[in-house]
Amino acid sequence: DAGVTQSPTHLIKTRGQQVTLRCSPKSGHDTVSWYQQALGQGPQFIFQYYEEEERQRGNFPDRFSGHQFPNYSSELNVNALLLGDSALYLCASSLGVTGNTIYFGEGSWLTVV
Amino acid sequence: AQSVTQLDSQVPVFEEAPVELRCNYSSSVSVYLFWYVQYPNQGLQLLLKYLSGSTLVKGINGFEAEFNKSQTSFHLRKPSVHISDTAEYFCAVTFPTSGTYKYIFGTGTRLKVLA
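Residues numbered from 1 in each chain as written. Chains lettered and ligands numbered in written order. Predicted model: local features only at pLDDT ≥ 70, side-chain atom pairs only at ≥ 80, totals over all residues. Heavy atoms only, no water.

S.K.: Tell me what's going on with the overall build of chain A, and back it up with residues and numbers.
M.R.: In terms of helices and strands, chain A carries 0 helices and 11 strands. Helices and strands appear in chain A in the N-to-C order β-β-β-β-β-β-β-β-β-β-β. Across its three principal axes, chain A shows a C-alpha extent of roughly 35 × 25 × 25 Å. For chain A, with 113 residues in total, the buried portion stands at 52%. Of the contacts formed within chain A by residues at least 6 apart in sequence, a portion of 53% connects residues at least 24 apart. A total of about 5200 Å² of accessible surface is found on chain A, and carbon and sulfur atoms cover 49% of it. (Helix = DSSP H or I, 4+ residues; strand = E, 2+ residues; numbered from the N terminus. Buried < 20%, exposed > 50% of the residue type's maximum accessible area, 1.4 Å probe, protein only. Contact = heavy atoms within 4.5 Å. Areas by Shrake-Rupley, 256 points an atom, 1.4 Å probe, with all protein chains shown as cover.)

Below, the structure is given as structure tokens:
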């Protein structure tokens, strides 16, 4: 049973650049959420995708955008990178939007220099 | 607004001693409650969850938590810890909003088990 997979695992970008992170949900799951975890902090909710639509969004600027594909996989895009965007980006998946358990991937470490 | 507070940022404890990690939440609606564990350089792994029913919930690795509605708490406990329990622990709540559910995580408690 494949869990949540994310790519790439690590990447380094320069300020002002753009980055795309990818996520495949756990087998059987159709809902994907993205979180940003800064060093020493808890995960902060970015947005949630269900049925290829953004269903809710956290307190993040429009530089953060996403997409969900028909196979339920998802991408997180961040434009005009800032040093403060350096963090672990976690993808989580679940079945539906019922409030049940969300399962996390190992994350993508983004360093902005 | 809903919020989660983990009162202790770090908890050192000796091996084989009991431990309690505290979590309090604030919400005007019913919530579901979770504890996740994060080992170094890894994602979050579910320890246990409370959705309904018995207020004492048992999870993996010998952990348990008790939901106390009157005190709005969901403290995590283990009667005897091991070195391998050293990790970051996150409490989370989820609640219905705008046709879906939103998850909020606490800031985490770093458990350090000492030999």
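S.K.: Outline the state of the cysteines, supporting the account with residue identities and numerical values.
M.R.: For the structure shown, the criterion picks out 2 disulfides over all chains. For Cys23(A), the disulfide goes to Cys91(A), at an S-S distance of 1.8 Å. Disulfide Cys23(A)-Cys91(A): torsion about the S-S bond near -65 degrees, hence left-handed. Taken together, the residues span a long stretch of sequence, with Cys23(A) in strand 3 (residues 19–24) and Cys91(A) in strand 9 (residues 87–94) at a distance of 68 residues. Across this residue pair, the class does not change: Cys23(A) and Cys91(A) are buried. Paired through a disulfide, Cys23(B) and Cys91(B) show a sulfur-sulfur distance of 1.9 Å. Disulfide Cys23(B)-Cys91(B): torsion about the S-S bond near -65 degrees, hence left-handed. (Disulfide = S-S within 2.5 Å.)

S.K.: Residues and numbers for unusual backbone geometry, please.
M.R.: Of the consecutive residues Ser7(A) and Pro8(A), the connecting peptide bond is found in the cis state with omega at -10 degrees. With respect to the element layout, Pro8(A) can be found in the loop between strand 1 (5–7) and strand 2 (10–13). Positive phi values are uncommon outside glycine, yet Thr72(B) reaches one of about 45 degrees. Mapping Thr72(B) onto the fold places it in the loop between strand 8 (64–68) and strand 9 (73–78).

S.K.: I'd love a proper account of the side chain of Gln37(A), names of residues and values included.
M.R.: Tracing the sequence through the fold places Gln37(A) in strand 4 (residues 31–37). Accessibility expressed as a relative area gives 6% for Gln37(A), which makes it buried. In terms of polar contacts, Gln37(A) uses its side chain to reach the side chain of Gln38(B), at 2.9 Å. Among residues more than four places away in sequence, those in contact with Gln37(A) are Gly42(A), Pro43(A), Ala87(A), Leu88(A), Leu90(A), Gln38(B), Leu44(B) and Phe90(B). (Polar contact = N/O pair within 3.5 Å; in protein donor to acceptor, adjacent residues only side chain to side chain.)

S.K.: Before we move on, can you summarise the interface of chain A and chain B with the specific residues and values?
M.R.: Chain A puts 22 residues into the contact, and the matching count from chain B is 22 residues. Overall, the association of chain A and chain B removes approximately 1800 Å² of surface from exposure, summing both partners, and the carbon and sulfur fraction of that is 51%. Scanning the region where chain A abuts chain B turns up 0 salt bridges. When contributions to the side of chain A that touches chain B are tallied by element, the ones reaching two or more residues are strand 4, strand 5 (44–50), strand 6 (53–57) and strand 9 of chain A. Its residues assigned to classes, the side of chain A that touches chain B shows 9 nonpolar, 11 polar and 2 charged. (Buried area = accessible area lost by both parts, 1.4 Å probe. Salt bridge = Lys/Arg side-chain N within 4 Å of Asp/Glu carboxyl O. Nonpolar A, V, L, I, M, F, W, Y, C, P; charged D, E, K, R; others polar.)

S.K.: Before we move on, can you summarise the pattern of salt bridges with the specific residues and values?
M.R.: Residues and elements named next belong to chain B. In the structure shown here, the tally under the stated rule is 10 salt bridges over all chains. For Glu-88, the salt bridge goes to Arg-110, with nearest N and O atoms at 3.0 Å. Of this pair, Glu-88 sits in strand 10 (residues 87–97) while Arg-110 is found in strand 12 (residues 109–114), placing the two residues 22 residues apart along the sequence. For Glu-88, a relative accessible area of 10% corresponds to the buried category. Residue classification places Arg-110 among the partly exposed residues on the basis of a relative accessible area of 44%. Each member of the salt-bridge network shares a partner with another, and the members are Glu-20, Glu-66 and Arg-77.

S.K.: How would you summarise the environment of His75(B) if you had to cite specific residues and measurements?
M.R.: Residue and element names in this part refer to chain B. Position of His-75 relative to the elements: it lies in strand 9. Note: C-alpha distance between His-75 and Val-4 (71 residues apart in sequence) is 12 Å. In this structure, His-75 is in contact with Glu-20, Leu-21, Arg-22, Cys-23, Asn-24, Trp-35, Glu-64, Ala-65 and Glu-66, ignoring residues within four places of it in sequence. A distance of 3.0 Å separates a polar side-chain atom of His-75 from the backbone nitrogen of Cys-23.

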